[in-house]
Structure formats: structure tokens, C-alpha cells
4 protein chains.
Amino acid sequence: MIRIGIIGATGYVGVELIRLLHGHPQVSGIIAGSVSHEAKSLSEIYPNFASVSDLVLGDIDTVLRDSDVIFASVPHGLSEAPARRAFDSGKLFIDLGADFRLEDESMYAAYYHGSFKDPALHSKAVYGLPELNRERLKAARIIANPGCYPTCSSLGLFPALRSGIAGEGSIMIDALSGLSGAGRSLTLDTHFVECDEAVAPYKVTTHRHRPEIAQNLAAMAGRPVPFAFVPHLVPMSRGMLCTSYVPLVRPVGEDVVREIFATFYKDEPFVRVRPAGETVSSRWVRYSNYCDISVHVDAEANTLIVASALDNMVKGAAGQAIQSMNIACGFGEAEGLTQVPPAF
Amino acid sequence: MIRIGIIGATGYVGVELIRLLHGHPQVSGIIAGSVSHEAKSLSEIYPNFASVSDLVLGDIDTVLRDSDVIFASVPHGLSEAPARRAFDSGKLFIDLGADFRLEDESMYAAYYHGSFKDPALHSKAVYGLPELNRERLKAARIIANPGCYPTCSSLGLFPALRSGIAGEGSIMIDALSGLSGAGRSLTLDTHFVECDEAVAPYKVTTHRHRPEIAQNLAAMAGRPVPFAFVPHLVPMSRGMLCTSYVPLVRPVGEDVVREIFATFYKDEPFVRVRPAGETVSSRWVRYSNYCDISVHVDAEANTLIVASALDNMVKGAAGQAIQSMNIACGFGEAEGLTQVPPAF
Amino acid sequence: MIRIGIIGATGYVGVELIRLLHGHPQVSGIIAGSVSHEAKSLSEIYPNFASVSDLVLGDIDTVLRDSDVIFASVPHGLSEAPARRAFDSGKLFIDLGADFRLEDESMYAAYYHGSFKDPALHSKAVYGLPELNRERLKAARIIANPGCYPTCSSLGLFPALRSGIAGEGSIMIDALSGLSGAGRSLTLDTHFVECDEAVAPYKVTTHRHRPEIAQNLAAMAGRPVPFAFVPHLVPMSRGMLCTSYVPLVRPVGEDVVREIFATFYKDEPFVRVRPAGETVSSRWVRYSNYCDISVHVDAEANTLIVASALDNMVKGAAGQAIQSMNIACGFGEAEGLTQVPPAF
Amino acid sequence: MIRIGIIGATGYVGVELIRLLHGHPQVSGIIAGSVSHEAKSLSEIYPNFASVSDLVLGDIDTVLRDSDVIFASVPHGLSEAPARRAFDSGKLFIDLGADFRLEDESMYAAYYHGSFKDPALHSKAVYGLPELNRERLKAARIIANPGCYPTCSSLGLFPALRSGIAGEGSIMIDALSGLSGAGRSLTLDTHFVECDEAVAPYKVTTHRHRPEIAQNLAAMAGRPVPFAFVPHLVPMSRGMLCTSYVPLVRPVGEDVVREIFATFYKDEPFVRVRPAGETVSSRWVRYSNYCDISVHVDAEANTLIVASALDNMVKGAAGQAIQSMNIACGFGEAEGLTQVPPAF
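**Student:** What is the right way to read the sheet that holds strand β11 (residues 271–273) of chain A from this model?
**Tutor:** Hydrogen bonds between backbone groups are what pair the strands of a sheet, and the pairing can be parallel or antiparallel. All names here are of chain A. With mixed pairing, the seven strands of this open sheet are ordered in space as β8-β9-β7-β10-β13-β12-β11. The strands lining the two open edges of the sheet, one partner per strand, are β8 (200–201) and β11. For strand β7 (residues 171–177) and strand β9 (residues 227–233), the ladder comprises seven bridges, and the chain directions are parallel. Looking at the pairing, Ser-177 lines up with Leu-233 of β9. Against the sheet, helix α8 (residues 148–163) touches β7, β9, β10 (240–247), β11, β12 (291–298) and β13 (303–310), its axis set at about 35 degrees to β10.

Written out as C-alpha cells, the structure is:
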């Protein structure tokens, strides 16, 4: 049994961690820190927790001292210092922000306008995508939890890249996200009246998840993979869908592709490849750690179309972090993540 | 450990039962019947269950034969026959429809245009509102699970009626429901474009839950309670809110009222009376079995305003049925119902 | 032909005024002022206006100087000064905020924590509800445009109060509003994820529209009218619905009530009393200046239930202000307000 | 002044035609036919029209006899017969369904499983996309109004194809639509609870708008254009967005592309090319006939990304049909289409 510490507990990812960890069979307690709400009870801020949790928000020092595993969900640039303290005390540190995701500091500089202040620490970090890095995660002490878009798009593309059916042309990743992905900070773009009943692309060529997707695709393909990526916001709270267009190296039947995908993911507990005739929906994975994938071949355009869906707050954030924790701690990989996705 | 049978498993209440019962510690298996989808696997109809459940839908005979506790979620008029068969075999039968809710057959005739075909059976049925009938539920073999509006409104009004602070004037119950309450059958009123971005009252003086509310209020007050009840549909999938206006018998402070409510519900596992300064929202109870209540006194109008919120599919349907089953089977009352309501 | 000036043009009410006035046959031009966006073009802030309007936002002095009729949509406390300047120049001033709505300064003090700095001016203001004050509006130079809740609830209650069918008991006004009513300022309550898929009451006994409703009901009834008022937010951008519960002085048939309402409003261009068997929906009045009303009698509770619906941004704000302007300027009352409400 | 006849008046496209034509300065009256609602008044079915229109639904014979211009919005296969009758009487017939859109009967057979029963009539039909066929529309007597997806995607791609900056590789068209596009017929996919809070692709390689897009792109490019097309449903009533990925024939700057687009559309009344730094949203065009376009270049992937947005019921259906009517009748092209899109 372990004690969990959470830094940045009152953001959307933080409370999703608390929700999921509350029933985790290996967790004996949760200590949560919040700069903005220190000394308040969690249920004052989020009344859903009334009668469920009597957690009182504390300071970061206490969180770091009294826990065995630390999750941090803070703005980029703020994770290195607590990660160092955790690492030096031999604790597992899982960063749900962007500080440790990119291996190439120049990419971090280009997209986040910052630098690696503690480069030695970065060399210890393991990118926490179990479907890519399960073995390395077993010994990890610092885990960089992936972004939501990189998780959703990468899982949709990995089998095509590894199997070699993807040609060398550019892949197009068209991504749709619910608004929880934008966080709890108030912005005009997330003001109800401004985003209700509307869809729009944003940060068309400049989104910060771009270099992370590039890193993942190259890792799987063993070569740089050219692609374009356009994220969009859609009027719903949760859920993510990536529709990816992959030029095929040669004509290939849809059933063959589906078999490649099914084989690739046959031992994965949280990836579900849909049978022929079915198309994914973000609906079927809400509140769960599943990523659903359907494959479709457009023979006229010689293009493989992959649709992948997940809950941006679970497999796209808190759930995946717990999955990685389970691996690093030697727990069953699905422990605490067996919630049945509701039908609606 | 018990085996659960579900009749009418592919409606919204049916799949919500499956979702909740899937993790119930006292349940060894689920057998589900569906007239419309017999022999299909559940995950074909609701892909959220893929990898979660390999349930195949069967016929009613098998459900009745191979289970220990039977839940029925079928249109009114169709529960008496299977209830009789279950009762005669000594099994617990929980009806989530309307057949056994009303004690007065003339009310059933007036609102449902039917009759009690097996009156002896009706005399055995216990109305499954634990906060009203916990003791009787312990020995129940046929349980009539309450409607969503009667549950939400009654829980909001019980302490005011029992304590005597409610005057003899009419109570006004203004109720808002998400669209899952209307079920999965296709209607123009539940067609997305017809109900999106709109609110409207419906069945203003004729809703079938009216006599059931009357029965509950009279049972608690020990006298007939005059009231008006107006349900409305709001554009969301889940959730229910009742705002009830109660004429006060005499001026009384809000804190006094809150204390009356808190005391009344102090041992209830699923009713949360909100502290001073807080107002309920349907948001905080979604996907959980909680009913949240806040009380407010309008001194100028000498009126108590009670706001009560619940998830119409959980405390308003499937969750409450499981709560009653737990009581009738001698399980812990909250077993299988400890899901943390998500913050969003 | 008149020139329109708008102070506070970039709030939701401001842009709704521009949308409606753009096609007004008596308007030769619009001059718009905005403190926060001075010198920007309107279409930079609201791209819907691209190709439609080349309006550039100016300062208040210019607006006041170069226009014939001035609309102000600014926070309370900021309208008296420009109203005085407009009045002294003989211009018509229509305030869409709260500064001139309340006749009783003590009520203003109690609810808005302010005072009448220019009491002489207040004595000139006419409350701009045409169905109540049409005659007085013809000569008005300062018009206080009503709040959305007072308009919707008052129109639903006026015929019952004037005809004497309403008893002396308290009326209950249960009100539902879309989120545009909360304005464009960023708040947690209007952050998409916080209000999506949820309904909740707010400011249960303290909402600032309460004294304004009291003033209207008393004006129509010729006596103080006791009532409670509970506003709620529902997840939609536009629209308002009030369900009001009126104790009847004696039993009266629904058809009789409907006839009273139909007669009361028979010459009103923007009030539609629905025929027997129909219930209003906020859907049918969106983007239009209509207020729809349906009446229902609950004989058991001896209660009249009135449902009234309007678009909170049109009849509840900008449209009603234009209707009053038309009256005060001697135009046709419906000029510029003949948009057909869309079916969806 | 002309009299309008509408066949299929009570579907979503039909009532949108009525809404828009109601204020058309060249229209003296509307006659509407409906098989399902004959002899009912329009406002019984759509109460938004109460007090606005006293239209009573009639039969098709009357519509054809008493009108000068006929719009048909009926399921495919049902337009040829009335089109023939209209044509033989010398009347303008505008079909908003699919019967006359495809020039190649084999494509019609493949996607609609039907045949051209009156081939002579097809040779008279003009495809009603003014930006492609304005000159031919001037003399048209039968107009095939385009589908929503073909309009939105084609307008986004035309300048790239005509200018030659598009390479020969496959174009990817990722399209998002609100649910009104699915019509008023009841289906599980458009049941509120089934589509709320979810996004999903559908008919991934089989959508019936595919051959129509192919026809348009080939017409503009002067060669067959390979492409894939994936439509998605998003939880909103109105609006459409296409994000199209175009391989560039050579590196080209974003400003150059924007200038190409702006020049191409400089005389178009209803296409708005957004300035640098701006991205389209379906929000800004709702209830209007505009199509907004923004262009973005991903230099790394050597890909042009075009985002185009329109209201699927206006420029994607009823509005475009009126625009074509205006051209064919010699009216001002924007008459009756000058509604200001609301900001929300």
C-alpha cells in the first residue's frame, strides 16, 4: 500500500486523479497540495467530493514529505524542482505537465520558450506511454505522462508505422477535443457562450503537442515521419477523437489492416480495436482508460484512415498516469482503472 | 454471492443497472434479457461494454430461471406476470417500472389506463424508497422502485413535512430533468435538434408521477398534501433538479430549517444536506447515488425553498434499485454504490 | 432617419443591439463606443460582422455627440452621467442596465449598494416595458429597459393580477435562463466545463431582479404582491423560461383563464398566448422579440400555472429596448423587429 | 414579384426556406406542400411561425400550379416527376435533394441505387454552386442545389485547384457537421442522449456526397482529383466545418496562398477569406449565407491546410438555393440573404 501525493490537485487533471485513485486497491491515502486553495477542504471547491473525501489541501512540502508516489499537474516549468526533490528521496515522480516529455531540448525551447534547468534529471525521465515504453517504465523513477493529443494520435498510428504499411508521404492528423482539455483557467475561448454550438480549429501549425507527436512517431517508425496536425475544439466537456489519414505504401485490404492492428494490440489492456463495420465514438470511452480504434481503407485515395478515441482526462491524462504508476510499482497494470465506461 | 437477472436490459435503465452491478462485490454474475435484441452480445448494442462484459442477451425464461434477484425495466403493464413467477419461486423481484408503485388502483387506472390484474401480488409489494421504507424493505420480496421525480421531490420535502414546519397551503414542485429520463425510444421531443438549446415544461398537470408524489407526501405528513408539479426537459443527458416551494406554518430561520434537514438525514448514506451558503447543482451528483439538498428561506414570502438534485439514472432509477436490493438481501446498503461522482 | 449611439457596444447586449439595428429601416447609422476595445474594428472582436459592418469602436464623447438616440449597456452605476448629458442635449437615452429601473432608492441601495446621484434625472425615467407603460413611453426621454427576468415573469403574471383571478397568497416564480444572461465577463460559473450538462439554482433569495419584479407586479395589481423568485442556469446560450405558480382566488377553468390572457394581450405585437393543448418552449422565440405564454390550471392545488418564454437577449434586452425606442420616436412599434424566429 | 412553391415544406430545409423567403423583397407569397401534414397550419407544427405566417400546408398539385418558382426538398428519387411538370410549364425548379446533382448516372446508381428515369431532364439541370456556375445559372430552369459537404469542401479547395498550387497527391477532407444535417426523421444516431457530448466519424468511405465532391473538384481542376473524405457528427444543431489537407506542388508562403484565395473570391458576396492570424469557426456564420475560409501552411509537411465553415442549413442548403434563384431570376444575388449572423 502506498501513499499518494498530488501537486496541483484542484485543476481538472488533479481532481480526476483523486477520483480514480480514491478506489485504487493499492492506495492507502492521498495528500493533495494546492497553491491557490491551501487549507481549504477539497469538497468546498468540488462539492462532488462531499461525504466521499475529507481531504484538506496542504502545501507542497508536506505532499513531498509524506507520500511515496507524487503526481504533479502544474504549468510547464514548475515540475523540475519538485521532481528533483522526489528523485533524491527515492520516490516515484509522475509529471502530468510538459517538462519531461521532450527529449530534444531545442524542441522544448522552440515550443515552450524554456530550457532544461536540470538536464541530468531529464536523462532519467521515461515517457509514460505504456504501449511504447512498458519495459522502461518498470524501472522508472521519473515519468513524463504524455499529452492527450500525442496519446490519441500515436496509438492510432503505431501499428501502421511499425508494420510498414504506411508510405513515406505526409500523414494528416485531424484531432477533436472536448473543452476540459483547456483546463480550468478562465479564457474567452472556454466561456460557455463562446464555444457552445460551434466547432473551430485552433493553433493550426503551432500547437505544443506537435513535437511530442513527432517524437512518438519517429520512435515507432525508426525514421522521421512527416505529418500535419490540426486540433479543434468541440462543444463537449470530455472526449477526444483523432482521424488520421495515412498514405499506404501499396494497396492493402481493410481486413488485413485490421488484423495488423488487432495483433499489435492483442495484449494491451486498454486498447480496443473495433471489429469490421464499426466506427469509434468518443462516447464509448468516456470516464474510462480505454482507447478505441477503428480502421478504414479508402482504396481510391490509397489511404488508410484511422479513427482513435479516448477520454482526454483519463487515457489522455490521469488514467494513463496511474497505468504507468502501476507498471513502475509492480502492481497489476489495470488496478484502479476498471471503471465501466457508462453508456451515456 | 447472488446471480442477477435483468429483464429489459438494453434500455437506458437496464444498461445503467449493468454498469453499476458489474462491480458489485456480492454479485457473481448477470443474466440479461431483451426482447428486441435477443442473442446479440451487449457490446454490439453498447460498445462501451467491449472488453468489459461478454454478456449475451437471452430470453426472459432463462433470466427468471437462472437468477436469484430479478430487475425488470419494461413498459408498465408488463411486470406483473414475471413478478408473479419470481415471487412463486421465492426470488426477489425489483420492478423499475410503474406497475407496483401506486397503492390505490383507481390512481393507477386514472393515470396508466390499466388495472391490477394480480391484486394479491400488489399487496406484497414494498415501495423502494429506503429513506421512507427501510424497515419494510428488509423483508420485501417484491419491490416497486420509485420514479425519478417522486424520489427527487419527496426527499426534498420529507423533513419539512415530518417536522411540521410546512403549512397547509399548496406546495409547488418545479422539476427539471435531463433527456435520458425519456428513455431510448425515438420521439420528436428527444430528437437532438428539437431539444438542444431549449427548455420547456411538459405534461403540466398530467404527468404520471403525480399520484406517486401525492402518495409519498401523504405517507410522510400523515395527511393529504396539496401540491402542483411541473416537469421540464433541459438539454443535458443526465441529472434532475427539483425546486420546491413550501409555505411555512410560521416564520422560521434558514439555519433552523437546515438543522431539521441535517438531523432528519444524519444516518442516510446517500443524502447530503449542503451547508449554509451552498446551493445544489445536478452536476455534483452525476453518475452517483447521492441526492443533494439545499434549503433557503424567503422571509418576505414566508416560503421555504428546497432544491434537491440527483442523477435520474442512479438515485432516480438503477442505483436506488440496487440500494433496495442491498437492504432486502442483507448486504451493506452502499455496496456497489461507492462510485465517486466525477467533478465534470 | 436617426443615428444610433451605443455605449458598451462589445458586450453581448451591445452586439445584439448592433445585429438588430443593422436592418432597422429608420436607422441611418450606428456609432459604437467601447472602453475596452477603442479603435478596433467591430469585426476584429466579433468576426460575424466581417463584410457586414465596417464599424470602428470609438470613445463615449463621440458617441454622445454624433448620435440622436443613445443605448447604454454598461455596469450599474455608470449610466447616470451619460444619461444626464444626453438628456441635456435633448436626446433619447435608453439604459439597458439597472440604474433607472427602480423607483424606490432604498431598494436600489439594498440590492445594488449604491445611491441615486442625480435624483432629478430618475424622476424623468420611464420603465420601458411597453405592455405596461406604452403611453408614458411615447414622451419618454430616458428609458429604463427592464431586466430579462422581470420582463419574462411580469408578462406571464400581468393578466392574472389585473383580472383579479390571482388570490392574495404568495406567487412562486421559477425561472430558467441561458448563459448569455451572465454576460461576457469570465467567471467560473460560465466556464464551459463548469456549466455544461448541469442545472442549478443561484442567488436564491438575493437576485437583483427581485425588487424590479416586485415593482412591476405591484404596479399591475395595485397592491403589493407577495412572491418568491428562484433563478436557475441551464446549459444553453440563449433563452428564458418562467414557470409561475399563482394561487387562484376561486376555482376557474383553464379556458376562462386563457381567454383572459388572450384578451389582455390581443393588441400586443410581441406577446403570443398559446392555444389550448400547447405549452411554450424557449426554442420557438429564439432570436426574436416574441414572448410566448401558455396557461394551465391545476384544479387540485387550485393553482394557475403560467409558463412564459422569451429570448433573454431580444425581448429580454436589446429587442425590447428597440421596441421602446420605436414608441418614443413615433416609429412603427415592430420596425426592425420582424425577424422570423428560426425553427432551430 | 414571384410566388414561391415549396414541396416538402416541413423538413428542416423546408422551414429554413420559409424563414429566409419570408422577408425576400421579390417574393409576394409562399405556397407550401407537405404529404405528412397536409391541411395543417404551419404554426401547428412549428410554433415559431405563430403570428408570423398563416400558411396552411397544401398538396403538391396546388403548389405546382399556383407558384412561379418551385423548391423541392424531398427524399432522392422523388424530384424528377415534379421537375418535369414544372419544366414543361416553364417554371423554375430548384431541387434541394440529390436527384440532379450528379452528371454521371453510374455514380448515381452506385451511391443512390437508382437510375435517371428522365435523362432528357438531367441534361437541362444546372448544378447550383454560384461560385462555380454563375453564368450557367442565369439561364437555368432546373437547378440542382449542392449538398452541404460538397459546398463547404469545394469552396475551400477551389482556389488551390484553379491556381495550380495543389500537387497531384491525395487531398484529405475532414468534415464536421451539426445534427440538423441528418434531418428531422427519427434515428438512434440523432436521439439526444446518443449524440450529446460525443464526436464520431460515420460512413467513412461511403458517404453519398463523395461523388459530388469528386465532380466539383474535377470541374475546377480540369482533371480528376484524388481525395479521401471523412464526415463526423458533432453535438450542435447547426454548422459545418471542413478542414482540408492539400499537398503543395512546391513550397509556398501562407501569405501568397491567402492572396490567391482572396483574389479568387474578391467579387463573391458570400465568401469571406479571413485575414492572417485568424481561424474560422462555424460560430461566425450561423444563420447566414456566408462561407468563411482561413488558410494555413504547414511547411514541414509541405501541406496547405484550408478550414472552411458555413451554416449547413443556409449556404449548405436553403440559402444557397435562394442565391441561385436570385441569379436565375435576375434579382440582386444577395436579396433576401442579408441577415446579420448573430454573435452567439
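**Student:** For this particular structure, what's the right way to read the pattern of salt bridges?
**Tutor:** Pairing is possible between side chains that carry opposite charge, provided their charged atoms lie close to one another. Residues and elements named next belong to chain A. Following the criterion strictly, the structure yields 92 salt bridges over all chains and no others. The salt bridge involving Arg-101 is made with Glu-212; its shortest N-O contact spans 3.6 Å. Of this pair, Arg-101 sits in the loop between β4 (92–95) and α5 (105–112) while Glu-212 sits in helix α10 (residues 210–221), and the two are 111 residues apart along the sequence. In terms of burial, Arg-101 and Glu-212 fall into one category: buried.

**Student:** How do you make sense of the relation of the copies chain A and chain D when you look at a structure like this?
**Tutor:** Both copies of the chain are related by a screw-like operation: a rotation about an axis and a shift along it. Laying chain A over chain D is done by rotating through 180 degrees and shifting 0.0 Å along the axis; what remains is an RMSD of 0.0 Å. Here the transformation between the copies is reduced to the relation of a two-fold axis. A symmetric contact is evident, with 100% of the interface residues of chain A recurring at the interface of chain D.

**Student:** Looking at this model, I keep getting lost on the interface of chain A and chain D. Mind explaining?
**Tutor:** A common measure of how large an interface is: the accessible area buried when the components associate. Counting from both sides, the interface comprises 44 residues of chain A and, opposite them, 44 residues of chain D. When chain A packs against chain D, the two sides together hide about 3600 Å² of surface, and 60% of this comes from carbon and sulfur. Taken together, the links from chain A to chain D amount to eight salt bridges. Remark: the boundary between chain A and chain D carries 14 residue pairs in polar contact (both at pLDDT 80 or more). Counting residues per element, the ones that place at least two in the side of chain A that touches chain D are β7, α9 (192–195), β8, β9, β10, β12 and β13 of chain A.

Calculation rules
- Residues numbered from 1 in each chain as written.
- Chains lettered and ligands numbered in written order.
- Predicted model: local features only at pLDDT ≥ 70, side-chain atom pairs only at ≥ 80, totals over all residues.
- Heavy atoms only, no water.
- Pairing = 2+ DSSP bridges.
- Helix = DSSP H or I, 4+ residues; strand = E, 2+ residues; numbered from the N terminus.
- Contact = heavy atoms within 4.5 Å.
- Axes fitted to C-alpha atoms, helices over the stretch in contact; angles between N-to-C directions.
- Salt bridge = Lys/Arg side-chain N within 4 Å of Asp/Glu carboxyl O.
- Buried < 20%, exposed > 50% of the residue type's maximum accessible area, 1.4 Å probe, protein only.
- Least-squares fit on C-alpha atoms with pLDDT ≥ 70 in both.
- Buried area = accessible area lost by both parts, 1.4 Å probe.
- Polar contact = N/O pair within 3.5 Å; in protein donor to acceptor, adjacent residues only side chain to side chain.

Nothing here speaks to function; it is geometry throughout.
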